Amino acid sequence: SGNLVACADEEGQLVSFNSAAEKTVLTQGYKGTRLNGPNDCWIDSKGGIYFTDPYYERDYWKEPKPKPHKQNVYYLPRGAVESFIVDEEIIKPNGIVGSADGKHLFVADIEGNKTYKYEIQPDGKLSNKKLFTAMGSDGMTIDDRGNVYLTGNGVTIFNPEGEKISHIPIEEGWTGNLCFGGKKRNELFITASKGVYTLPMLVNGIK
């Protein structure tokens, strides 16, 4: 629908903005407990949202936040106001993205320095968790060939089998997130510590 879905970690919310910049809170807690701070999300073809909920204490918070609880991966079904846990065995989940066919989900454990691959079930639950690669990530994305892009020290690219195939260096250091954009989705946009970078690609991002 053209709405912008965002993770509002200071408020512990997952929110949506329409074209008039009007905000709707999609979810803000789990069984009566405030979320730590949603960090990254991926929307499936049904309109459900997978999101990670790590805890990062920010220096710009005006007030102390509640004591953090377990850092989980959640799924919010379309139209629901409360999500359910799909993985509670990751140390600090962060980056998250799904495959083009909607059959698999990738989740990065940034503290455990691992990225996992799951099979997505019809009810939104996850199964058959496997180690995809021994590297964590902040944000992440995927291209139309199934290659997975992880951030941190520049951008590291893995093929669908989890084998490293390329690395994009960013001189200023840490890269936080990335996505494909442009009319043909063949431009890679990278957010780093001090700037935003673009790179024309020979592959396309998924729709």
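Definitions and cut-offs
Residue numbers run consecutively from 1 along every chain, following the written order of its sequence. With the structure being a predicted model, the display of local features is reserved for residues of pLDDT at least 70 and the display and counting of side-chain atom pairs for 80 or more, all residues being used for whole-chain, interface and lining totals. Hydrogens are left out, water is left out, and the side-chain values use all remaining heavy atoms of the structure. We count a salt bridge whenever a side-chain nitrogen from Lys or Arg sits within 4 Å of a carboxyl oxygen from Asp or Glu. Only DSSP runs of H or I with at least four residues qualify as helices, and only runs of E with at least two residues qualify as strands; both kinds are numbered from the N terminus onward. Buried residues are those whose accessible area, probed at 1.4 Å on protein chains only, stays under 20% of the maximum for their type, while exposed residues exceed 50% and partly exposed ones sit between those limits. DSSP calls a pair of strands paired once it identifies at least 2 bridges connecting them. Only the stretch in contact is used when fitting a helix axis, every axis being a line fitted to C-alpha atoms; angles between N-to-C directions are given from 0 to 180 degrees.

Moving on, we come to the pattern of salt bridges. Scanning the entire structure with this criterion turns up 2 salt bridges. Among the ionic pairs, Asp9 bridges to Arg58, the shortest N-O distance being 2.7 Å. Separated by 49 residues along the polypeptide, Asp9 in the loop between strand E1 (4–8) and strand E2 (13–17) and Arg58 in the loop between strand E7 (49–52) and strand E8 (73–76) bring together distant segments of the chain. Across the salt bridge formed by Lys129 and Asp87, the nearest N and O atoms sit 3.0 Å from each other. Note that Lys129 is positioned in strand E13 (residues 126–133) and Asp87 in strand E9 (residues 84–87), a separation of 42 residues in sequence. Residue Lys129 is classed as partly exposed on the basis of its relative accessible area, which comes to 33%.

In space, the 3 strands of this open sheet follow the order E1-E2-E3, with antiparallel pairing throughout. With one partner strand each, in any of the chains shown, E1 and strand E3 (23–27) form the two edges of the open sheet. The average undirected angle you get between the axes of adjacent strands in this sheet is 30°. Alignment of E1 against E2, held across 5 bridges, turns out to be antiparallel. Counterpart to Ala8 in the pairing with E2 is Gln13.

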